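The chain contents come next:
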Amino acid sequence: MSKKPPIFKHFSVIYRRNPLVLAAIFWAGIVPSLGALLLVRWLYNNWSNLDIPSILQFETALTYSFIGALMMGLALVPTTFFSVVSGFVFGWTAFPFLVLAYTLGSAIGYQSGRFLEKNSLEWLLKPYPKAKAMIESKKDRMGWLIFFVRISPVIPFAVSNLVFALMDTGLKRVLWFGLLGMLPRTFLAFLTGALAGDIQQAIKAKTASWQYIVIVFLLVISVWGIYDFFVNKDSLEKNHRFKRSRE
């Protein structure tokens, strides 16, 4: 039986073949936090001088949705932070535009990842044929993986976009299943901002006790769903039996 190479050694192979993928991984993991820090500093320094227009004005809604989609899709700020600030600045009238912005951001992030991907996952899984076969066999259930990843309050939006691109889950699945999965965590973050009394409270994003309960509940659902997708063979066998019965 051949010995599999260490994962870090295998990552070095991926880097030599496609360094942009590893650069994108580090970007998605680091840059959003830096972007949030810069935006916090800017808000603190300029908040008293800002003139906030109504989000219901066409130009404002269009600009907000476009800039929000770029900032979240290109991993410049975390979606949670953007949601909190949006709730504080614009109030509940901005929520539909926030949903539109992160949906467009999903498309931007996923398509950017697909542009950089160049079969990197295939090379990463080359020493692990069982893992590769398992992912291939569950292509029809990728929508559920997207949903459970998106509903998680701890998995970064930018990182998940890159993972979906590497796994070639499909843009439509990312948009629709991702929309449903993102709604609960986005609503919680937006609510925190909308209820904040001042900019300091909004930026600190203090979480109420009942929100912790909801966060833990979403985390449990996410962990269970991801586990079921990757580990539970019964669900896969049932899916195969169902497909054979329809043929």
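Below is a short write-up of the structure. (Residues numbered from 1 in each chain as written. Predicted model: local features only at pLDDT ≥ 70, side-chain atom pairs only at ≥ 80, totals over all residues. Heavy atoms only, no water.)

1. Things to note about the environment of L183
Condition: Each helix corresponds to a stretch of at least 4 residues labelled H or I by DSSP, and each strand to a stretch of at least 2 residues labelled E; elements are numbered beginning at the N terminus. Classification of residues uses two cut-offs on accessible area relative to the type maximum, computed with a 1.4 Å probe and protein chains only: under 20% is buried, over 50% is exposed, and between them is partly exposed. Residue contacts are counted whenever heavy atoms from the two residues lie within 4.5 Å of one another.
For L183, the location among the structural elements is in helix α10 (residues 171-195). Its relative accessible area of 31% is what places L183 among the partly exposed residues. Beyond its immediate stretch of four places on either side in the chain, L183 contacts F95, V99 and Y102.

2. Re a nonpolar patch on the surface
Here is the rule we go by: Residues qualify for a patch when their relative accessible area is over 30% and they have no salt bridge, like charges being joined within 9 Å and the nonpolar side chains of Val, Leu, Ile, Met, Phe, Trp and Tyr within 5 Å. Areas reported here follow the Shrake-Rupley algorithm with a probe of radius 1.4 Å; residue values treat only the protein chains shown as occluding. A pair is scored as a salt bridge if a Lys or Arg side-chain nitrogen falls within 4 Å of a carboxyl oxygen belonging to Asp or Glu.
Residues F26, I30, L34 and L37 make up a contiguous nonpolar surface patch of roughly 440 Å² in combined accessible area. The residue L34 is located in helix α2 (residues 19-46) in this model. Judged by its relative accessible area of 47%, L34 is partly exposed.

3. Some details on helix α9 (residues 157-167)
Most of α9 is tucked away, with nine of its eleven residues classed as buried. Within α9 the residues assigned to the buried category are F157, A158, S160, N161, L162, F164, A165, L166 and M167. Looking one or two residues beyond α9, the residue adopting positive phi is D168, at roughly 55°.

4. As for the packing of α2 against α9
To be explicit about the condition: Only the contacting stretch of a helix is used when fitting its axis, a line to C-alpha atoms as for every element, and angles between N-to-C directions run 0 to 180 degrees. Angle categories: roughly parallel below 35 degrees, roughly antiparallel above 145, roughly perpendicular from 65 to 115, and oblique for all the rest. Residues are grouped as follows: nonpolar covers Ala, Val, Leu, Ile, Met, Phe, Trp, Tyr, Cys and Pro; charged covers Asp, Glu, Lys and Arg; every other residue, Gly included, is treated as polar.
Contact geometry of α2 with α9 gives a least axis separation of 8 Å together with a crossing angle of 155°. Classified by the interaxial angle, the pair formed by α2 and α9 is roughly antiparallel. Between α2 and α9, the contacting residues are V21, A24, I25, A28 and G29 on the first element and A158, V159, L162 and L166 on the second. Here the contact of α2 with α9 is composed, by residue class, of eight nonpolar, one polar and no charged.

5. Examining unusual backbone geometry
When glycine is set aside, most residues are seen to have a negative phi, and most peptide bonds are trans. A positive phi angle, close to 60°, is found at A75, a residue other than glycine. On the basis of relative accessible area, A75 is assigned to the buried category, the value being 5%. With a phi angle near 55°, D168 is a residue other than glycine that sits in the positive phi range. Inspection of the secondary structure puts D168 in the loop between α9 and α10.

6. Details of the packing of aromatic side chains
Rules: Centres within 6.5 Å make a pair out of two Phe, Tyr or Trp rings, where for Trp the six-membered ring is used; the pair is then stacked when the planes are under 30 degrees apart, edge-to-face when over 60, and tilted otherwise.
What the rule picks out here adds up to 14 aromatic pairs. Ring centres of W92 and F95 lie 6.4 Å apart, and the angle between their planes is 55°; on these two criteria the pair is classed as tilted. A relative accessible area of 17% means that F95 is categorised as buried. Ring centres of W144 and F147 lie 6.3 Å apart, and the angle between their planes is 80°; this geometry places the pair in the edge-to-face category.

7. Points about the nonpolar core
As a reminder of what qualifies: Nonpolar cores are built from buried Ala, Val, Leu, Ile, Met, Phe, Trp, Tyr and Cys residues. Side-chain atoms within 4.5 Å join them into one set.
Counting residues in each nonpolar core, the largest one holds 15 residues, and the members touching the most others are Y64, M72, F82, F95, L98, Y102 and F190. If you list the elements that add at least two residues to this core, you get α3 (58-73), α5 (95-117) and α10. Ranked by residues supplied to this core, first place goes to α5 with five residues. In this view, F82 contacts Y64, G68, M71, M72, V77 and L98; residues no more than four positions away in its chain are not counted.

8. Details of the pattern of salt bridges
Taken as a whole and assessed by the stated rule, the structure comprises two salt bridges. Note that R114 and D168 form a salt bridge whose closest N and O atoms lie 3.7 Å from each other. You can see R114 sitting in helix α5 and its partner D168 sitting in the loop between α9 and α10, a full 54 residues away along the chain. Judged by its relative accessible area of 38%, D168 falls in the partly exposed class.

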